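Examining the three-dimensional arrangement
Okay, here's what each chain looks like letter by letter:
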Amino acid sequence: MRKTSMGVFAMALEPCRVCGTLNSTEAEICLSCEFPTKGRRRPAIFQWAAIGLFVLFTIPVIMTVMNQFKSKPQTPSPQPVSLRLSR
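In this report, the structure presented in the accompanying data block is examined.

Thresholds applied
Residues numbered from 1 in each chain as written. Predicted model: local features only at pLDDT ≥ 70, side-chain atom pairs only at ≥ 80, totals over all residues. Heavy atoms only, no water. Helix = DSSP H or I, 4+ residues; strand = E, 2+ residues; numbered from the N terminus. Buried < 20%, exposed > 50% of the residue type's maximum accessible area, 1.4 Å probe, protein only. Contact = heavy atoms within 4.5 Å. Areas by Shrake-Rupley, 256 points an atom, 1.4 Å probe, with all protein chains shown as cover. Disulfide = S-S within 2.5 Å. Polar contact = N/O pair within 3.5 Å; in protein donor to acceptor, adjacent residues only side chain to side chain. Patch = residues over 30% accessible without salt bridge, like charges linked within 9 Å, V, L, I, M, F, W, Y side chains within 5 Å. Salt bridge = Lys/Arg side-chain N within 4 Å of Asp/Glu carboxyl O.

What to know about the overall build of the protein chain
In terms of helices and strands, the protein chain carries 1 helix and 4 strands. Taken from N to C terminus, the helices and strands of the protein chain fall in the order β-β-β-β-α. For the protein chain, with 87 residues in total, the buried portion stands at 7%. Considering only intrachain contacts with a sequence separation of at least 6, the fraction spanning at least 24 residues in the protein chain is 2%. Accessible surface, the protein chain: about 8600 Å² in total, of which carbon and sulfur atoms supply 64%.

Right under this line is the structure:
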């Protein structure tokens, strides 16, 4: 906050980089879209947790698909039948 010439405190406003809503320069997130106004990134633990959850749910799906292809019974191909005519 800064003091104006009349002795009243005023906050400077800046537009959000994502949605354009005016927010205080001291706000940490946009009140409209919740984007970080200061450019702070989320802690790395959130990124690692997202990667871990992705792997946790993706590996069983991949294994299931692989097992279905592997376990299909192969049908024996028909053998040609030779017909002999006996005299």
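Further notes follow.
Brief notes about the state of the cysteines
Here a disulfide denotes one covalent bond, and it connects the sulfur atoms of two cysteines. Under the definition given, this model contains 0 disulfides. The thiol of Cys 16 is unpaired, and the distance to the nearest cysteine sulfur, on Cys 33, comes to 3.6 Å. No disulfide involves Cys 30; its sulfur sits 3.6 Å from that of Cys 19, the nearest cysteine. The exposure class assigned to Cys 30 is buried, which follows from its relative accessible area of 0%.

Brief notes about the side chain of Ser 24
Counting through the fold element by element, Ser 24 comes out in strand β4 (residues 22-24). There is a polar contact of 3.1 Å between the side chain of Ser 24 and the backbone nitrogen of Glu 26. When near neighbours in sequence (up to four residues on either side) are disregarded, Ser 24 contacts Met 11, Ala 12, Leu 13 and Glu 14.

Details of the side chain of Asn 23
Looking at where Asn 23 falls in the secondary structure, it is placed in strand β4. In this structure the side chain of Asn 23 is engaged in a polar contact, spanning 3.3 Å, whose partner is the backbone oxygen of Thr 21. Ignoring sequence-local partners within four residues, the contact set of Asn 23 consists of Ala 12, Leu 13, Glu 14, Cys 16, Cys 30, Leu 31 and Thr 37.

What about unusual backbone geometry?
Phi at Glu 34 is positive, roughly 65°, even though this residue is not glycine. In this structure Glu 34 comes out as exposed when scored by relative accessible area, which is 61%.

Things to note about a nonpolar patch on the surface
Together, Trp 48, Ile 51, Phe 54, Val 55, Ile 59, Ile 62, Met 63 and Met 66 make up an exposed nonpolar region whose accessible area comes to about 840 Å². Inspection of the secondary structure assignment puts Met 66 in helix α1 (residues 44-70). On the accessibility criterion, Met 66 (45% relative accessible area) is partly exposed.

Some points on the environment of Ser 24
Exposure remark for Ser 24: the relative accessible area of 14% places this residue in the buried category. A C-alpha to C-alpha distance of 4.6 Å links Ser 24 and Leu 13, two positions 11 residues apart in sequence.

Functional significance is not addressed by these values, which are geometric in nature.
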